[in-house]
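# A look at the structure
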Amino acid sequence: MRKITVQSTVTGVVLLSLILLTLTGCSTIKDKIPSFWDDNQSRAVIDIRQSVLDLDCKQPHAPQVAVIKKHMDWLIIYSQVKDTRDVLRLVKPMNETVNDFYDRSMVKQGSEAYCNMKKKVLDAQSGTVAKAVIGRF
Amino acid sequence: MSDLYQLAQSDKPWVAQRAQLALQLQEQHARGDITNDEYKELLEDLVRTDVLDSEADDMHTKTMLVYAIYGLAQIV
C-alpha cells in the first residue's frame, strides 16, 4: 500500500513537472518555431518597400513617411494578431527607424541630406525584411 | 575611422555597404549638412540595421532547417 503511494507521488511529481515544463516551455518554443509563408505579410512587406523606394526627399517628408508608417503599422498589427513572433522581432528595428523619422518630420521637416540617408537605411532594412518574409517556406 | 575605411573595402557586400554609409554620415555631419540630433539618430539606425540583419539570418537558417526536415520526411 505504501509502495503504491510512493509510486503515485513520484508519478504525480513527474507528471506535474512535465505539465509545468510544457506550459512554461510553450512561449519559449513558440519563440523558436519559424513562421511560414503568408500572403498578407508578403503583400505588406512589398507595400512597405514600395513606399520607401517612392520617397522623394525634395518633397515634404511628413506625408510620405506617414504612408510608410501606415504600411508598417498594418504589418505589425496583423503579425500581432497572428502571433508570428519572428516577423515581429524582424520588423522591430525598422519600425523604430520609421517612427523616429515620422516623429521628427511631424514636428519640423528634417534636412534633405538627413532624408536621403534615412532613405538609404530604410532601403537596406526594407530589402532585408522583404527577402526574409517572402523567402519563408 | 581607419577601421571604417578598411571595412568599406570588405569583400562582404553588406559590410562594405554599412561602412560606406557610416563614412557618408560622418562626412555629411562634418560638412554641417545634418544636425547633431540627426547624426545621432542615423547612427542608431545603422545599429538597428545590424540587429535586423541578425534576425533575418536567424529566420533564413530556420527556414532552411524546416525545408531540410521536410525533405527528409518526403524520403521516408
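Residues numbered from 1 in each chain as written. Chains lettered and ligands numbered in written order. Predicted model: local features only at pLDDT ≥ 70, side-chain atom pairs only at ≥ 80, totals over all residues.

## Quick look at the overall build of chain A
Looking only at helices and strands, one finds 5 helices and 0 strands in chain A. What you see in chain A, going N to C, is helices and strands ordered as α-α-α-α-α. Per-residue burial for chain A yields a buried fraction of 33% across its 137 residues. A sequence separation of at least 24 residues applies to 79% of the contacts in chain A between residues at least 6 apart. (Helix = DSSP H or I, 4+ residues; strand = E, 2+ residues; numbered from the N terminus. Buried ≥ 20, exposed ≤ 12 C-beta atoms within 10 Å, placed from the backbone. Contact = placed C-beta atoms within 7 Å.)

## Considering the interface of chain B and chain A
Contacts between chain B and chain A engage 25 residues on the former and 24 residues on the latter. Secondary structure elements with two or more residues in the side of chain B that touches chain A: α2 (13-31) and α3 (36-75) of chain B. At 18 residues, α3 of chain B tops the list of elements feeding residues into the side of chain B that touches chain A. Broken down by class, the residue content of the side of chain B that touches chain A amounts to 11 nonpolar, 6 polar and 8 charged. (Nonpolar A, V, L, I, M, F, W, Y, C, P; charged D, E, K, R; others polar.)

## Some points on the packing of helix α4 (residues 85-107) of chain A against helix α5 (residues 112-134) of chain A
All names here are of chain A. Axis separation between α4 and α5 bottoms out at 11 Å; the angle between their running directions is 160 degrees. Classed by the angle they form, the pair α4 and α5 counts as roughly antiparallel. Two packed elements cross with a definite hand, and for α4 against α5 that hand is left-handed. Listed contacts from α5 to V87, L90, V91, M94, T97 and F101 of α4 are K118, V121, L122, Q125, S126, V129, A132 and V133. Looking at side-chain class alone, the contact of α4 with α5 contains 10 nonpolar, 3 polar and 1 charged residues. (Axes fitted to C-alpha atoms, helices over the stretch in contact; angles between N-to-C directions. Parallel < 35°, antiparallel > 145°, perpendicular 65-115°, else oblique. Left-handed = near helix turned anticlockwise from the far one by under 90°.)

## Notes on α2 of chain B
The terminal C-alpha atoms of α2 of chain B, which comprises 19 residues, lie 27 Å apart, in line with the 27 Å expected from a rise of 1.5 Å per residue. Among the residues making up α2 of chain B, those that are buried are R18, A19, L21 and L25 of chain B. One side of α2 of chain B carries all its buried residues, which in axial view fall inside an arc of 155 degrees. Among the exposed residues of α2 of chain B, those pointing more than 90 degrees away from its buried face are P13, E27, A30 and R31 of chain B. The inward-facing, buried residues of α2 of chain B contact α5 of chain A together with α1 (2-7) and α3 of chain B. G32 of chain B, located one to two residues past α2 of chain B, shows a positive phi value of around 85 degrees. (Expected span 1.5 Å × (residues − 1). Arc of directions from axis to C-beta.)

## A short note on the packing of α5 of chain A against α3 of chain B
Taken N-terminus to C-terminus, the directions of α5 of chain A and α3 of chain B make an angle of 10 degrees; their axes are 9 Å apart at the nearest point. Classified by the angle between their axes, α5 of chain A and α3 of chain B sit roughly parallel to one another. Residues Y114, M117, K118, V121, A124, Q125, T128 and A132 of chain A of α5 of chain A lie in contact with α3 of chain B, whose contacting residues are E38, L42, D45, L46, T49, L52, D53, A56, M59 and H60 of chain B. Residue composition of the contact of α5 of chain A with α3 of chain B, grouped by class: 10 nonpolar, 4 polar and 4 charged.

## Section: helix α2 (residues 39-53) of chain A
Residue and element names in this part refer to chain A. Given a rise of 1.5 Å per residue, 15 residues ought to cover 21 Å, and the 21 Å separating the end C-alpha atoms of α2 matches this to within 8%. Within the sequence span of α2, burial applies to Q41, A44, V45, I48, R49, S51 and V52. The buried residues of α2 all sit within an arc of 165 degrees when viewed along its axis, so they share a single face. For α2, the exposed residues set more than 90 degrees away from the buried face come down to D39, N40 and L53. Structurally, α2 contributes buried residues whose contacts are with α3 (61-82), α4 and α5.

## A short note on the confidence of the model for chain B
Per-residue confidence for chain B gives a mean pLDDT of 90; residues scoring 70 or more make up 97%. Model confidence for the complex: the whole-complex pTM is 0.83, and ipTM, which rates the interface, is 0.86. (pLDDT = per-residue confidence, 0-100.)

## Quick notes on unusual backbone geometry
The phi angle at D83 of chain A is positive, at roughly 60 degrees, despite the residue not being glycine. Relative to the helices and strands, D83 of chain A resides in the loop between α3 and α4.

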